[in-house]
Amino acid sequence: MNILLVYPRHPDTFWNFRHALKFISRKSSDIPLGLITVSSLLPGNWNKKLTDLNVSKLKDKDIAWADYVFISAMSVQKDSVREVISRCKNMNTRVVAGGPLFTEEYEQYPGIDHMVLNEAEITLPLFLEDLEKGEPQRIYRSDKFADITKSPLPDYSILKRRNYGSAAIQYSRGCPYDCEFCDITALLGRRVRTKTPAQVFAELDQILHSGWKGTLFFVDDNFIGHKKKLKSELLPALIDWMESNKRPFRFLTEASIDLADDQELIDLMVKAGFTRVFVGIETPEESCLTECNKLHNNNRDLTECVNIIQRNGIEVHAGFIVGFDNDPPNIFQRQIDFIQKSGIITAMVGLLNAPRLSKLYSRLKNEGRITDEFTGNNTDYSINFIPVMNKNELLSGYQKILQNIYSCKAYYARVKMFLKHYNPQSREKLTLNRLIAFFKSIFYIGILEKNRRYYWQLLFWSLFHKPKSFPLAVTYSIYGYHFRKVFRDVE
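Residues numbered from 1 in each chain as written. Predicted model: local features only at pLDDT ≥ 70, side-chain atom pairs only at ≥ 80, totals over all residues. Heavy atoms only, no water.

A. The sheet that holds strand E2 (residues 47-52), seen in detail. With respect to topology, 6 strands assemble into an open sheet ordered E2-E1-E3-E4-E5-E6, the strand pairing being parallel. Because the sheet does not close on itself, it has two edges, and the strands there are E2 and strand E6 (139-140). Relative to strand E5 (residues 114-116), strand E4 (residues 94-98) runs parallel, the two sharing 2 bridges. If you follow Ala97 over to E5, its bridge partner there is Met115. Docked against the sheet, helix H2 (residues 33-41) engages strand E1 (2-7), E2 and strand E3 (68-72), running at close to 165 degrees with respect to E1. (Pairing = 2+ DSSP bridges. Helix = DSSP H or I, 4+ residues; strand = E, 2+ residues; numbered from the N terminus. Contact = heavy atoms within 4.5 Å. Axes fitted to C-alpha atoms, helices over the stretch in contact; angles between N-to-C directions.)

B. Quick peek at the side chain of Thr103. For Thr103, the position within the fold is in helix H5 (residues 100-105). The exposure class of Thr103 is buried, given its relative accessible area of 12%. Looking at Thr103, its side chain comes within polar contact range of the main-chain oxygen of Gly99, at 3.0 Å. Look past the residues within four positions of Thr103 in its chain and what remains in contact with it is Leu117, Asn118, Leu187 and Leu357. (Buried < 20%, exposed > 50% of the residue type's maximum accessible area, 1.4 Å probe, protein only. Polar contact = N/O pair within 3.5 Å; in protein donor to acceptor, adjacent residues only side chain to side chain.)

C. View of the pairing of E1. With respect to burial, E1 is a largely interior element, 6 of its 6 residues being buried. Across the two faces of E1 the burial is the same, with Asn2, Leu4 and Val6 and Ile3, Leu5 and Tyr7 all buried. Both E1 and E2 contribute to a ladder of 6 bridges, which runs parallel. For Tyr7, the partnering residue across the bridge sits in E2 and is Asp52. Of the strand pairs in this sheet, E1 and E3 are connected by 4 bridges, and their pairing is parallel. Each bridged residue has a counterpart across the sheet, and for Leu4 the counterpart in E3 is Val69.

D. Geometry of the sheet that holds strand E14 (residues 347-351). Taken together, 6 strands build an open sheet; the order of strands is E7-E10-E11-E12-E13-E14 and the sheet is parallel. Edge positions in the sheet fall to strand E7 (167-169) and E14, since each of these pairs with one other strand and no more. Sheet twist, expressed as the average angle between the axes of neighbouring strands with direction ignored, equals 20 degrees. With 6 bridges connecting them, strand E12 (residues 274-282) and strand E13 (residues 315-322) associate as parallel partners. Its bridge partner lying in E13, Phe278 is registered against His317. In this fold helix H15 (residues 391-405) packs onto E13 and E14, with an angle of close to 170 degrees to the strand it touches most, E14.

E. Quick peek at a nonpolar patch on the surface. Taken together, Leu430, Leu432, Leu435, Ile436 and Phe439 make up a surface patch of nonpolar side chains, about 530 Å² in accessible area. If you trace the backbone, Leu432 turns up in helix H17 (residues 432-447). (Patch = residues over 30% accessible without salt bridge, like charges linked within 9 Å, V, L, I, M, F, W, Y side chains within 5 Å. Areas by Shrake-Rupley, 256 points an atom, 1.4 Å probe, with all protein chains shown as cover. Salt bridge = Lys/Arg side-chain N within 4 Å of Asp/Glu carboxyl O.)

F. Structural detail: the environment of Ile169. Mapped onto the secondary structure, Ile169 falls in strand E7. Judged by its relative accessible area of 0%, Ile169 is buried. A C-alpha to C-alpha distance of 10.0 Å links Ile169 and Gly34, two positions 135 residues apart in sequence. Discounting chain neighbours no more than four positions away, the residues touching Ile169 are Leu33, Val200, Glu203, Leu204, Leu216, Phe217, Phe218, Val219 and Asp220.

G. Here's a closer look at the nonpolar core. In this structure, Phe70, Leu204, Phe223, Leu235 and Phe249 are the most contacted members of the largest nonpolar core, which totals 135 residues. Counting residues per element, this core draws most heavily on helix H19 (residues 470-486), which supplies 10 residues. Each residue touching Phe70, except ones within four places of it in the same chain, is listed here: Ile3, Leu4, Leu5, Val6, Leu35, Val38, Leu42, Val96, Leu124 and Phe127. In this structure, Val69, Val84, Ile85 and Leu117 belong to the second largest nonpolar core, which totals 21 residues. (Core = buried A, V, L, I, M, F, W, Y, C linked by side-chain atoms within 4.5 Å.)

H. Representation of the environment of Ile401 in the model. Mapped onto the elements, Ile401 comes out in helix H15. Since its relative accessible area comes to 0%, Ile401 is described here as buried. In this structure the C-alpha to C-alpha distance between Ile401 and Asp337, which are 64 residues apart in sequence, comes to 9.6 Å. The contacts of Ile401, once residues within four sequence positions are left out, are Val322, Phe332, Gln335, Ile336 and Val349.

I. Spotlight on helix H13 (residues 331-342). For H13, spanning 12 residues, the distance from its first C-alpha to its last is 16 Å, which sits close to the expected 16 Å at 1.5 Å a residue. Once H13 ends, the next one or two residues include Gly343, with phi positive near 70 degrees. (Expected span 1.5 Å × (residues − 1).)

J. Looking closely at the pairing of E4. Counting buried residues in E4 gives 4 out of 5 residues, a clear majority hidden from the surface. When E3 meets E4, the two strands line up parallel, connected through 5 bridges. Counted as the bridge partner of Ile71 is Ala97 from E4. Traced from E3 through helix H4 (residues 78-90) to E4, the parallel crossover comes out right-handed. You can see the chain leave E4, run along H5 and come back into E5, and the turn it takes is right-handed. (Right-handed = clockwise from strand over helix to strand, strands pointing away.)

In C-alpha cells form, the structure reads like this:
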C-alpha cells in the first residue's frame, strides 16, 4: 500500500506562533505527533509519506500516488480539512479520517470513505484487519480506552525536523478533572493512563538521535494528573537522563493550578528541565468557576499560585475565558487587572464555546441555546451559543481585554515585571538561530513597528539590570509581535 498522511493547515491563531516562527526560520511550532504515531501503527512494509500543510503544499502527484489518504485533525482545522477531502474526491483517492474533529463530528463529513475514530491503538487495527480481508467498514468506534503502555514509538523518519520549532512527546492521557466546557474527559477519560518510563526514554532517545535539541512539548492535557507516578517513577529518572545527555531539552507542558500546592513536584519538574507550563485559570470570578465545575481553582489565591510557580523557575502560560452565565458586568476589567497583576506574559483570553462532546454543549442544547458549530478557535470572536450577557456587550468587552493586555504598553510592562522576579534554573544558550532572531527582531520590531520604543526600553533595561535575562527579553518581544499580528486591531 501507498499511504499519504495529511495534516491540515491551522488558521492564523494565538497558539500557532506563525508570526514568531519567521524569526527562527521555522514554518510550524509543533509536529503532527498523532499522525506520526499512526504511521507506526501501519504495516511496516507499506510506503508512507507525510504532508503537513503547515509546512508544505499538498501535491496532486502525491494524492495520485496514494492508495489511501489518512487525515487527522482538530476542530480549528475544519476549513483545510474540507479542501483536502474535496481534492481527494476529485482524484478518486479514498480517504481515511481520525482524530478529535472526526470523533466529535463524523456525521458532518459524508465524503469520507472510512472513519477510524476514538483512539487509534484500538480502532486502527480493526480497520486494517478488515482491509486485509477486502471488507473495510465505514465507521470504527470504541467506548474503551487504549492501554498506552502498548503504544508504538512515533515514526520520526517521515518528518523534516528543520521545519518545526519544537518536538513533542506524550506521557499520559486523560484528566482527573471534569470541567464543563472541556471535551477531554469525553475523548480520553478521567482515569489518567500513563506510558512507562522506558517508553518515554525510548522516545527521548529517538528524538535526540534524530538531531532535535531545544524545546520539547509534553502534550499531556494535564501532565500532573497522576502525581504519585510522576514523583516516584518518571521525574527522578528524567533528571538522570537529562544529566547523562547534557540537558539537551527544555520541556513545556500543561498542568492544573494545583501544581502550586506541591513544592516537591515543582522542584522535581524544575530539575528535570521544565521551564514553561500552561495552566487553565479561566476567570477570577468564583461563581463562574463553580458554574463550569472547575472547583480545583476555587478557594485559592490564584495570583499567588502563579507567583509560586514562576518564582521557582517555571513560566506560567495561562488560559482565560469570558462568556460564562455568571459573568458580572465588570468581568472584563477584572480579567485585565488579574493578568497584569500576575505578570502572565502569554495570556490566551478566549470566548466561551461548547465543543460537541462537552457537558456544556449538552446543557446548552437542552436549554435551546446552541446556535452554531464550534470553530475550534476561541479567539476568533465566534461563540456557538446564546450567552446570558448581551452578545454585543460580551464581544465589546472581549475586545477591550485584548486591546488592553496586548497593547505594547501593557504587554511590555508584564514582561518587565516577570523578568524582575523570574530566576530560571538554567541559562538560555546562545545559538545561531537565537542570534539571527535577535537581528530580525531589531528590524521588524525595533525599526518597523510604530511603538518600537517599548522594545528598546525593555532591551536596555534587561542589559543593565538583568543581563542574564536578555535572551528572554528578545524572545518575549517576538511573542508580543506575534500576538499583535493575530489581534490586528491592537497597537
